[in-house]
4 protein chains.
Amino acid sequence: MQKITLLINCPDRKGIVTTITQFILERQGNIVYLDQHVDRQEGIFFMRVESEFDQEEFSIADFEMQFIAQFVDDYQLTYQLFDAYYKPRLALFVSKYDHCLYDLLGRYASGELPVEIPLIISNHPDLEIVAKRFEIPFKHIAVTKATKAAAEAEQIAAIKEHQIDLIVLARYMQIISDEFVAQFKNKIINIHHSFLPAFIGAKPYHAAFERGVKIIGATSHYVTADLDEGPIIEQEIVRVSHVHSVQDFILKGRDLEKIVLARAIKAHVEHKVLVFGNKTVIFS
Amino acid sequence: MQKITLLINCPDRKGIVTTITQFILERQGNIVYLDQHVDRQEGIFFMRVESEFDQEEFSIADFEMQFIAQFVDDYQLTYQLFDAYYKPRLALFVSKYDHCLYDLLGRYASGELPVEIPLIISNHPDLEIVAKRFEIPFKHIAVTKATKAAAEAEQIAAIKEHQIDLIVLARYMQIISDEFVAQFKNKIINIHHSFLPAFIGAKPYHAAFERGVKIIGATSHYVTADLDEGPIIEQEIVRVSHVHSVQDFILKGRDLEKIVLARAIKAHVEHKVLVFGNKTVIFS
Amino acid sequence: MQKITLLINCPDRKGIVTTITQFILERQGNIVYLDQHVDRQEGIFFMRVESEFDQEEFSIADFEMQFIAQFVDDYQLTYQLFDAYYKPRLALFVSKYDHCLYDLLGRYASGELPVEIPLIISNHPDLEIVAKRFEIPFKHIAVTKATKAAAEAEQIAAIKEHQIDLIVLARYMQIISDEFVAQFKNKIINIHHSFLPAFIGAKPYHAAFERGVKIIGATSHYVTADLDEGPIIEQEIVRVSHVHSVQDFILKGRDLEKIVLARAIKAHVEHKVLVFGNKTVIFS
Amino acid sequence: MQKITLLINCPDRKGIVTTITQFILERQGNIVYLDQHVDRQEGIFFMRVESEFDQEEFSIADFEMQFIAQFVDDYQLTYQLFDAYYKPRLALFVSKYDHCLYDLLGRYASGELPVEIPLIISNHPDLEIVAKRFEIPFKHIAVTKATKAAAEAEQIAAIKEHQIDLIVLARYMQIISDEFVAQFKNKIINIHHSFLPAFIGAKPYHAAFERGVKIIGATSHYVTADLDEGPIIEQEIVRVSHVHSVQDFILKGRDLEKIVLARAIKAHVEHKVLVFGNKTVIFS
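Keep in mind the model is a prediction, meaning the values are calculated, not measured.

Chemist: Any chance you could break down the packing of helix H1 (residues 16-26) of chain A against helix H1 (residues 16-26) of chain B for me, citing the residues and the numbers?
Modeler: At a minimum axis distance of 9 Å, the contact between H1(A) and H1(B) shows a crossing angle of 145°. H1(A) and H1(B) meet at a crossing whose hand is left-handed. Residues Val17(A), Thr18(A), Thr21(A), Gln22(A) and Leu25(A) of H1(A) pack against Val17(B), Thr18(B), Thr21(B), Gln22(B) and Leu25(B) of H1(B). Looking at the contact of H1(A) with H1(B), its residues break down into 4 nonpolar, 6 polar and no charged.

Here's what the structure looks like:
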């Protein structure tokens, strides 16, 4: 059996669900999941469909060609098509904080994440010990102002060599250049340690503490050229009070960061996230 | 323009989304909402569709007749069809607690709930003053063991007279007889002041306090013959701690009860709840 | 029996708990609640104490005089002392939105709030009907750019006449002048319909929608000269998703606003809030 | 500098805060944390105090002796006294589920938990690989009905050998005998994968799924002779819906279990938990 996941968006029009499900049905597909959403303000139709195909001779490539021929031009349709059994390959970028790294590798080792993690890249050598514990290749690429371009070239080479599908900034403390970002559109997920758009930039826990908020948060988002402004995938919060110091905020925030990042990765690799403009549609 | 909402469930089979959306399309319907869910364990297909029809001559009755003819037998399909512009008529049953009543009437007066409330029934006279403030007819029907059957007959007569679509037990402190319940299947919503199935029965806040829980909850559910065992519509929780007395639990619980009951009513009257077995599918 | 609540802050020093509790003990007080907090970064000691006095001849005024004599200068101590049985008098300021007003009046009518509400002021006549339902005096004071100073003078006169202790801006859609604010320091509570400091200013739900956040919030705070920058008392959030329109955000936000405002009022009138700098200590 | 943490409970009486803080003050202690709670229903006073002592000659043992002499009999006082700089020693009990184990060891490796973990015990050999990755001694002690008594004897020997202060059942799938439990009163923490007291016993996620709840939870508690009935330390919840299968419940529950167990351990080892009857007082 083969299984494909389709993510679609196009201008809304009558009968589109019928037509697309009919297309799958004609190819003997069994629709096991379908969710659609219409943004009525923008007039845009969004859909996620999972279909199973039992016939031996089914070819995803053929399906895709025929799908393009029938829909892409006629419906001004944008699509992504995934082999549901393929495991996306992740590169984790880290610096010195280890909590997100331990969390992701623990989940990976537990079989909780349907991915491969063939590469960890860091601008510091400190976390090599963690990578070793989980037997994952670790690449230390130092980054300074002077070497930034060369370092990013080296990072990109490693990413290509390992055929990476998704880059995860797991508390990576370097700003990625616009050129780097442009090569991996909607393929870099960052965890920001605040409830965006509150406390953009550095030291958000300190800023939250100064402001005297009663709730702190964390936000995972795709990385775009504008720092901390990319499409939000997931957010979560936890209550704080006057008894908590900045250190307590940071400590409580660790759990938020771990969970929010893990949820975002999970949604992405299960092809449940569709980016449109600067927002995301997250299918259930 | 007319607008209908369809709630459907039937054994799952290939092509069902296509066929039903095709049926609507052929009648010039514009699907403005579609959500479907397949319970793969049970092999059941669930769908909610909202469709708009612009043509003057469109008849909901005709649509329904044709829908029945094409689907009900052939697909072993159960359906509910609603005129989306009709406002369901609610009867509120209360006793002495007034917080849910104030909350619902405030929402009603604010235009937040797309309903009519032509009737409040109580086994005590105390809350007549609240009904009067909001200019809603109030019927005091005392209930004792001896008079229960007669009282329920009187309640049912009032419900029929006012063409009630949904009965809301807004902290009504009487157990409804099985005969009463049987007449209004999935048409009676209760608010239970605990996180069901924990603390079934009377005095759940006291029981929660005794157990030393760190979170309390409230649950709205359809009323069935089994006390507190009906299909759950909505639940919500709030944290408590050792500093809180039973009275604090009760006070904190009031807000839970109000919100959980209001959400359940809203979901029901917007036709987003589909009961299957002893569970609910809640469409978004 | 008499009961007093003390809120204290001063530079931290050894033995302060002992000394203050000793002071109460010597006056035959029974401490029924004590919570203290030390801000170790700033070196400030905070305490809330509730004490009961059984003796007939106990005088709060005498207690206060002696307390001042012993502590204020020597400890550079700032204090607030309340008769715990006195019910604070509230003025509600509203405009056209009625949900917070209905919520607060419902709670008031239910006996949930230990306050008196002798006055509702609005810059629009629309909500007089709500005030009438609950039999609360309603004062319509129109506000235009030209009449603002006169209108505020009229508001202040009404506030003084009714001996108001706390002003609640229950979705009052006018900016209060600095002169007004200066007269009621830490005595004006506002509800802002966002998770501050995100989305300061007007139309926060629209801004949140545009940003594509996954969680929206509401914030109650004391009003200071800086718009939406005052000390935060309480915040709460609710999840949203791509299926929700701006209208859905607004509707979901209503429940947040009601609860967050009610919690803030409750904390204030129970003397559980101590403002220090631009932050609050909220005792349990 | 030395630092001690005192946990106290006794029948409430006038002046107790004064007397105890005076006692500390007389020994030149600097109180850096004090929280007290009076259970007015039971008439019990609870307090947690952290005090620092600068003088070289300060002896915790002497302090304790004097404290006993002054308070224990006279006040019918129960106390626990801890050297705040001592790191409690944990034994983790596991079976085959690895998520809580990875989570705890990740936190431990990150320096997030102020403990030592010198021992992992399992009734299965499967997780030895995890223990090895983190270089923690792993002891496989098989348990069958026939060998249970012997196995527990072996466990207890290992616990004593490693001077264990706290036993953590991190999804350990064996019931502990009453005899075992009796030896470690309030020293065994379990994580139960439901929102207790809902779904006591085996397969709670399946039971929750069958009941159609909208929220699932996890509960950490001290282990007592009554299964799943011990004093609750912490609970947390997450929302579920009809789209989630039992497998989804289990997967979502993993994150709950990890967080709830970690929070409970943290509270315990920081001496913030006081057990009284079958409930806990959790200081902030």
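From this point, the discussion proceeds with the structure in view.
Chemist: Describe the sheet that holds strand S6 (residues 116-122) of chain A, naming the residues involved and giving the relevant values.
Modeler: Note: strands within a sheet are paired through backbone hydrogen bonds, in either parallel or antiparallel orientation. Residues and elements named next belong to chain A. Reading across from one edge, S7-S6-S5-S8-S9-S10-S11 is the order of the 7 strands in this open sheet, with mixed pairing throughout. What marks the edges here is a single partner per strand, and that holds for strand S7 (138-140) and strand S11 (232-239). Strand-to-strand twist across the sheet, computed as the mean angle between neighbouring axes with direction ignored, equals 20°. With 4 bridges connecting them, strand S5 (residues 89-94) and strand S8 (residues 166-169) associate as parallel partners. The residue bridging Leu90 from the neighbouring strand is Leu166, located in S8. The strands that helix H3 (residues 99-109) touches are S5, S6 and S8; relative to S6, the one it contacts most, it runs at about 165°.

Chemist: Describe in detail the interface of chain A and chain C, supporting the description with residues and values.
Modeler: Often, the extent of an interface is quoted as the loss of accessible area upon association of its parts. The interface is formed by 33 residues belonging to chain A together with 33 residues belonging to chain C. In this assembly, chain A packs against chain C so that about 2,900 Å² is buried in total across both faces, 54% of it on carbon and sulfur atoms. Of all residues in chain A, the largest losses of buried area upon contact with chain C belong to Arg211(A), Lys214(A) and His242(A), amounting jointly to 25% of the total for that side. With its nearest N and O atoms 3.8 Å apart, the salt bridge here joins Glu229(A) to Arg211(C).

Chemist: With reference to specific residues and values, describe the relation of the copies chain C and chain B.
Modeler: Superposing chain C onto chain B takes a rotation of 180° plus a shift of 0.0 Å along the axis, which leaves an RMSD of 0.0 Å. Look at the turn and shift together and you get a two-fold axis relating the two. Ranked by how close their C-alpha atoms come to the rotation axis, the residues of chain C are headed by Arg133(C), at 2.6 Å. When the interface residues of chain C are mapped onto chain B, 100% of them again lie at the interface, so the same face is used by both copies.

Chemist: Explain the domain arrangement of chain A to me, using residue names and the numbers behind them.
Modeler: Residue and element names in this part refer to chain A. What the domain assignment reports for chain A is domain 1 (2-83) and domain 2 (89-282). For domain 1 versus domain 2, the distance between C-alpha centres works out to 31 Å. Taken together, the contact pairs 10 residues of domain 1 with 7 residues of domain 2. Here domain 1 meets domain 2 over a buried area of about 780 Å², counting both sides, of which 72% is carbon and sulfur. Per-residue buried area on domain 1 facing domain 2 is highest for Leu7, Phe46 and Arg48; these three make up 50% of the total on that side.

Chemist: Run through the side chain of Glu112(A), naming residues and quoting values.
Modeler: In this structure, Glu112(A) sits in the loop between H3 and S6. A relative accessible area of 8% places Glu112(A) in the buried class. Within the structure, the side chain of Glu112(A) is placed 2.8 Å from the side chain of Arg254(D), a separation counted as a polar contact. Not counting residues within four places of it along the chain, the set of residues in contact with Glu112(A) comprises Arg107(A), Lys266(A), Leu251(D), Arg254(D), Asp255(D) and Lys258(D).

Chemist: Outline the relation of the copies chain A and chain C, listing residues and values.
Modeler: In screw terms, the move from chain A to chain C is a rotation of 180° and a rise of 0.0 Å along the axis, fitting with an RMSD of 0.0 Å. Looking at chain A, 100% of its interface residues are interface residues in chain C too, so the copies touch through the same face.

Chemist: An account of the packing of aromatic side chains is needed here, citing residue identities and associated values.
Modeler: On inspection of all chains with the given rule, the structure shows 72 aromatic pairs over all chains. Summarising the aromatic geometry, the rings of Phe134(B) and Phe134(C) are spaced 6.1 Å apart at their centres and angled 85° between planes, so their arrangement reads as edge-to-face. Separated into two different chains, Phe134(B) in the loop between helix H4 (128-133) and strand S7 (138-140) and Phe134(C) in the loop between helix H4 (128-133) and strand S7 (138-140) make up a pair that spans both. Each member of the pair, Phe134(B) as well as Phe134(C), carries the same accessibility label: buried. A connected cluster of aromatic rings, assembled from ring pairs, spans Phe23(A), Phe53(A), Phe58(A), Phe63(A), Phe67(A), Phe71(A), Tyr75(A) and Tyr79(A). Directly above the aromatic system of Phe23(C) lies the positively charged group of Arg27(C), at a separation of 3.6 Å from the ring centroid. A cation over an aromatic ring shows up here: Lys279(D) above the ring of Phe209(B), its NZ or CZ 3.4 Å from the ring centre.

Chemist: Can you tell me about the interface of chain C and chain B, naming the residues and giving the values?
Modeler: Facing 20 residues of chain C, the contacting portion of chain B comprises 20 residues. For the pair chain C and chain B, the two sides together bury roughly 1,800 Å², of which 48% comes from carbon and sulfur. Here chain C is connected to chain B by 8 salt bridges. Taken together, the links from chain C to chain B amount to 9 residue pairs in polar contact (both at pLDDT 80 or more). Where the side of chain C that touches chain B is concerned, the elements lending two or more residues are helix H3 (99-109) and helix H8 (246-269) of chain C. Its residues placed into classes, the side of chain C that touches chain B shows 6 nonpolar, 4 polar and 10 charged.

Chemist: Would you mind going over unusual backbone geometry in detail, with residue names and values included?
Modeler: In this structure, Pro197(B) follows Leu196(B) across a cis peptide bond, with omega equal to 5°. Locating Pro197(B) in the fold gives a position in the loop between strand S9 (188-192) and helix H7 (204-211). Even without being a glycine, Arg171(A) presents a positive backbone phi close to 65°. Relative to the assigned elements, Arg171(A) resides in the loop between S8 and helix H6 (178-183).

Chemist: Talk me through the UniProt feature "domain: ACT" (unreviewed entry) in chain A; I want residue IDs and the actual numbers.
Modeler: In the numbering used here, UniProt assigns the "domain: ACT" (unreviewed entry) feature to residues 5-80 of chain A. The distance from the first to the last C-alpha atom of residues 5-80 of chain A is 8 Å, and the span holds 32% helix and 39% strand.

Chemist: Break down the UniProt feature "active site" (unreviewed entry) in chain A for me, with residues and values.
Modeler: Per the UniProt annotation, the sites labelled "active site" (unreviewed entry) are Asp228(A). Position of Asp228(A) among the secondary structure elements: in the loop between strand S10 (215-222) and S11. Given the relative accessible area of 5%, Asp228(A) is considered buried. Residue contacts for Asp228(A): discarding those within four places in its chain leaves Asn190(A), His192(A), Leu196(A), Ile200(A), Gly201(A), His221(A) and Arg211(C). In this structure the side chain of Asp228(A) is engaged in a polar contact, spanning 2.9 Å, whose partner is the backbone nitrogen of Gly201(A).

Chemist: Go over helix H1 (residues 16-26) of chain D, please, and point to the residues and values.
Modeler: All of the buried residues along H1(D) are Ile16(D), Val17(D), Thr18(D), Ile20(D), Thr21(D), Phe23(D) and Ile24(D). Along its buried surface, H1(D) packs onto helix H1 (16-26) and strand S2 (30-39) of chain C together with strand S1 (2-11), strand S2 (30-39), strand S3 (44-53) and helix H2 (60-72) of chain D. A positive backbone phi angle near 60° is found at Gln28(D), which sits one or two residues after H1(D).

Chemist: Give a description of the sheet that holds strand S8 (residues 166-169) of chain D that names residues and reports values.
Modeler: All names here are of chain D. Taken in spatial order, the 7 strands make up an open sheet running S7-S6-S5-S8-S9-S10-S11, and their pairing is mixed. A single partner strand is all that each edge strand has here, and the edge strands are strand S7 (138-140) and strand S11 (232-239). On average, each strand axis in the sheet is tilted by 20° relative to the strand beside it, whichever way the strands run. Of the strands in this sheet, strand S5 (89-94), strand S6 (116-122) and S8 touch helix H3 (residues 99-110), which is tilted by about 165° from S6.

Chemist: Give a detailed account of helix H5 (residues 148-161) of chain B, specifying residues and quantitative values.
Modeler: Residue and element names in this part refer to chain B. Relative to the 20 Å expected for 14 residues at 1.5 Å per residue, H5 spans 20 Å between its end C-alpha atoms, a close match to the ideal helical length. Regarding H5, the residues found buried are Ala151, Glu152, Gln155, Ile156, Ala158 and Ile159. Along the axis of H5, the buried positions cluster into a sector of 160°, meaning they face one direction only. Those residues of H5 that are exposed and angled more than 90 degrees off the buried face are Ala149, Ala150, Lys160 and Glu161. Buried positions along H5 lie against strand S5 (89-94), strand S6 (116-122), S7, strand S8 (166-169) and helix H6 (178-183). Two residues or fewer past H5, Gln163 is found with a positive phi of approximately 50°.

Chemist: Help me get a handle on the pairing of S6(A), residues and values and all.
Modeler: All names here are of chain A. Burial analysis of S6 places 6 of its 7 residues in the buried class, the great majority of the element. Pairing geometry for S5 and S6, over 5 bridges, is parallel. Residue pairing in the sheet places Phe93 in a bridge with Ile121 of S6. In this sheet, S7 lies alongside S6 in parallel orientation, the contact comprising 3 bridges.

Chemist: For the pattern of salt bridges, give the residues involved together with the corresponding values.
Modeler: Per the stated rule, a full pass over the model turns up 80 salt bridges over all chains. One salt bridge connects Lys266(A) with Glu270(A), and the closest N-O pair in it is separated by 3.2 Å. For Glu270(A), a relative accessible area of 22% gives the class partly exposed. Here Arg263(D) and Glu236(D) are joined by a salt bridge, their closest N and O atoms 3.0 Å apart. Here Arg263(D), found in helix H8 (residues 246-269), pairs with Glu236(D), found in strand S11; they are 27 residues apart in sequence, far enough to count as distant.

Rules and cut-offs
Residues numbered from 1 in each chain as written. Chains lettered and ligands numbered in written order. Predicted model: local features only at pLDDT ≥ 70, side-chain atom pairs only at ≥ 80, totals over all residues. Heavy atoms only, no water. Axes fitted to C-alpha atoms, helices over the stretch in contact; angles between N-to-C directions. Helix = DSSP H or I, 4+ residues; strand = E, 2+ residues; numbered from the N terminus. Left-handed = near helix turned anticlockwise from the far one by under 90°. Contact = heavy atoms within 4.5 Å. Nonpolar A, V, L, I, M, F, W, Y, C, P; charged D, E, K, R; others polar. Pairing = 2+ DSSP bridges. Buried area = accessible area lost by both parts, 1.4 Å probe. Salt bridge = Lys/Arg side-chain N within 4 Å of Asp/Glu carboxyl O. Least-squares fit on C-alpha atoms with pLDDT ≥ 70 in both. Domains from an automatic or database assignment. Buried < 20%, exposed > 50% of the residue type's maximum accessible area, 1.4 Å probe, protein only. Polar contact = N/O pair within 3.5 Å; in protein donor to acceptor, adjacent residues only side chain to side chain. Phe/Tyr/Trp six-rings, centres within 6.5 Å; stacked < 30°, edge-to-face > 60°. Lys NZ or Arg CZ within 6 Å of the ring centre and 35° of its normal. UniProt positions renumbered as here; feature names shortened; annotations may be inferred. Expected span 1.5 Å × (residues − 1). Arc of directions from axis to C-beta.

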